[in-house]
Amino acid sequence: MICIRTRPSADRPVRPRPANFRVAALAASMLVLAILPGSASGADDGWTTARGDVQGTGTVAQTLPADLTVVWEHETGEAIESTPVVADGRVFVADVMGKLTAIDLQSGKPLWTHDYETGFNASPTLSGDRLVIGDIDGNVYALNVADGSEIWTAQTDGTIDGCATFFEDDVLVTSQDGSLYRLNGKTGEQIWVYETGDQIRCSPTLAGTRTFLGGCDGNLHVVDVRSGKAVGDLLPLGGPTGSTVSVRDQQAVVATMEGMIFAFDWRDGTMIWEYTDPDRAQEYRNSAAMTDDLVIVSSKNKKVDAIDRETGQHRWRYSLRRHSDASPVVAGNDVWIAATDGRLVRLDLTTGKEKSVTEFRGGLYGSPAILSDSMIIADDDGVVRRLGPAAQK
């Protein structure tokens, strides 16, 4: 394995990129701009999927106000361990006991609830008038966002940990039964199934007509969404992963439970760089955030690290008091980390220096949803909060 130092020095160079890489990257960027659907969410008060966009970047352009305060709170009564989603003035959350709740974005008042008496590890996903979510029993539900009425249900053979992804009018969903399903968005009927042979706990990530899956089989799978067939060979990861792949321009990035981070060129499957901490292997169980310049990861060892997207060099590190199960989110100039001790940490994107820490009574297990001037975050006490600028006097 290529090991890149976390504190690089002149006497320990990292593997350089090919000389023609910048030309290839420019061409790839132009290609992706032409074919990627639904890039970069988070604007216009919308955060429609757990990682903010179908590429799984966890990144939006806007920086939130410097001083955030609690605008409203809503208590659902049960632990929420996933990320809220937001669209058209409504917030949607799913708790571990199987209840879906819709909340008015402005007032924090409940609009409707739907109790399935099962359990949700995954966040909902929104598209137009539909909400789709999978439960711990392998069921997939499509509901009307206006009133919570059920449109259809479908069945897989394993727990669903990742949020669904919309492709055109259809739905992609993974299951611990080791399969990726494409379901008809109107009826829930199965169009095709792609089998990996081992558990999948991530969400499907899109780049054009390809989707990317990391799994417990220790491989990165690239699948053609139209045919349901693999594109090229499996890309070995050296260990299992439950992380959702992040895609930006030509790069696909995924972190593993064995402490490795890989950057691939998703067009041809070649590796751009790989990174691991030379002093202590970091266990990654959540997903990376990707900006134009950086890959941001957090580990079970309470470390938040920034890796240079071009070279794979380590740029900065921040140590948490407790680990973060939630994936990092980047909003403009800031990195937001939600930790299991109830601390919401705001870091400078460029330097990794701490800007602020907000503490809540309940533990934070899901990432915040970032809006134009505020965020929505939920805790394991079942409290949903909107944090925004203080009201003008």
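Basis of the calculations
- Each chain has its residues counted from 1, following the order in which its sequence is written.
- Side-chain atom pairs in this predicted model are given and counted only at pLDDT of 80 or more, local residue features only at pLDDT of at least 70, and totals for whole chains, interfaces and linings cover all residues.
- Excluding hydrogens and water, the side-chain values take into account all heavy atoms of the structure.
- Helix numbers and strand numbers start at the N terminus; a helix is a DSSP run of H or I with at least 4 residues, a strand a run of E with at least 2.
- Buried means the residue's accessible area, taken with a 1.4 Å probe over protein chains only, is under 20% of the maximum for its type, while exposed means over 50%, and partly exposed covers the values in between.
- Calculation of accessible area relied on Shrake-Rupley with a 1.4 Å probe; when residues are assessed, cover is drawn exclusively from the protein chains displayed.
- Strand pairing is assigned whenever DSSP detects at least two bridges linking the two strands.
- The axes used here are C-alpha line fits, helices contributing only the stretch in contact, and every angle between their N-to-C directions lies in the interval 0 to 180 degrees.
- By convention a nonpolar core is built from buried Ala, Val, Leu, Ile, Met, Phe, Trp, Tyr and Cys residues, the set being connected through side-chain atoms within 4.5 Å.
- Pairing of aromatic rings covers Phe, Tyr and the six-membered ring of Trp, with a centre-to-centre limit of 6.5 Å; geometry is then stacked below 30 degrees between planes, edge-to-face above 60, and tilted otherwise.
- Salt bridge, as used here, is a side-chain nitrogen of Lys or Arg placed within 4 Å of a carboxyl oxygen of Asp or Glu.
- When two cysteine sulfur atoms lie within 2.5 Å, the pair is treated as a disulfide.

Caption draft 1: Local environment of the overall build of the protein. Within the protein, the secondary structure is distributed over one helix and 33 strands. Going through the 393 residues of the protein one by one, you find that 60% of them count as buried. Surface exposure of the protein reaches about 15,400 Å², of which carbon and sulfur atoms provide 45%.

Caption draft 2: Representation of the sheet that holds strand β4 (residues 90–94) within the structure. Within the open sheet, the four strands sit side by side as β3-β4-β5-β6. Their pairing is antiparallel. Each edge of the open sheet carries a strand with a single partner, namely β3 (85–87) and β6 (110–115). Here the strands of the sheet are splayed against their neighbours by 15° on average, with no regard to which way each runs.

Caption draft 3: Up close: the sheet that holds strand β7 (residues 125–127). The strand order across the open sheet built from four strands is β7-β8-β9-β10, with neighbouring strands paired in antiparallel fashion. Single-partner strands in this sheet number two, and they are β7 and β10 (150–155). Adjacent strand axes in the sheet meet at a mean angle of 20°, parallel and antiparallel pairs treated alike. Sheet analysis places β7 next to strand β8 (residues 130–134), joined by three bridges and oriented antiparallel. Across the sheet, serine 127 pairs through a bridge with arginine 130, a residue of β8.

Caption draft 4: Structural detail: the pairing of strand β5 (residues 99–104). Summarising burial for β5: five of the six residues are buried, a large majority. Examined bridge by bridge, β4 and β5 share five bridges and lie antiparallel to one another. Paired with arginine 90 across the bridge in β5 is aspartate 104. Examined bridge by bridge, β5 and β6 share five bridges and lie antiparallel to one another. When the sheet's bridge partners are listed, leucine 100 is paired in β6 with histidine 114.

Caption draft 5: Unusual backbone geometry, seen in detail. Positive phi outside glycine occurs at glutamate 117, with the angle close to 55°. Within the fold, glutamate 117 resides in the loop between β6 and β7. For aspartate 249, which is not a glycine, the phi torsion comes out positive at approximately 55°. Mapped onto the secondary structure, aspartate 249 falls in the loop between β19 (246–248) and β20 (251–255). Residue aspartate 249 is classed as partly exposed on the basis of its relative accessible area of 26%.

Caption draft 6: Local environment of the nonpolar core. Counting residues in hydrophobic clusters, the biggest one holds 27 residues, and the most contacted among them are Val91, Leu344, Ile370, Ile376 and Val384. Where this core is concerned, the elements lending two or more residues are β4, β27 (329–331), β28 (334–338), β31 (369–370), β32 (375–378) and β33 (383–389). If one sorts the elements of this core by residue count, β32 sits on top with four residues. In this structure, Val85, Ala87, Tyr116 and Ile133 belong to the second largest nonpolar core, which totals 15 residues.

Caption draft 7: Focus on the packing of aromatic side chains. Scanning the model with the defined rule gives six aromatic pairs in all. Here the aromatic cluster, defined as three or more aromatic residues joined through ring pairs, consists of Tyr116, Phe120 and Tyr141.

Caption draft 8: Main features of the pattern of salt bridges. Counted according to the given criterion, the structure contains 21 salt bridges. The salt bridge involving arginine 317 is made with aspartate 305; its shortest N-O contact spans 2.7 Å. Here the residue arginine 317 occupies a position in strand β26 (residues 314–319), and aspartate 305 occupies one in strand β25 (residues 303–308), the gap between them amounting to twelve residues. Owing to a relative accessible area of 27%, arginine 317 belongs among the partly exposed residues under this scheme. Of the charged contacts in the structure, one is a salt bridge between lysine 355 and aspartate 348, with a shortest N-O distance of 3.9 Å. Looking at lysine 355, the relative accessible area reads 43%, which means it is partly exposed.

Caption draft 9: Fine view of the state of the cysteines. One pass over the full model with this rule turns up zero disulfides. Sulfur of cysteine 163: no disulfide; nearest cysteine sulfur belongs to cysteine 202 and is 9.7 Å away. Free cysteine cysteine 216: the closest other cysteine sulfur is in cysteine 202, separated by 9.3 Å.

Caption draft 10: Fine view of the pairing of β33. The element β33 is extensively covered by neighbouring structure, given that six of its seven residues are classed as buried. Sheet analysis places strand β2 (residues 68–75) next to β33, joined by seven bridges and oriented antiparallel. From the neighbouring strand, tryptophan 72 faces β33, where its bridge partner is arginine 386. Joining the antiparallel neighbours β32 and β33 is a turn of four residues, in which glycine 382 adopts a positive phi near 85°.

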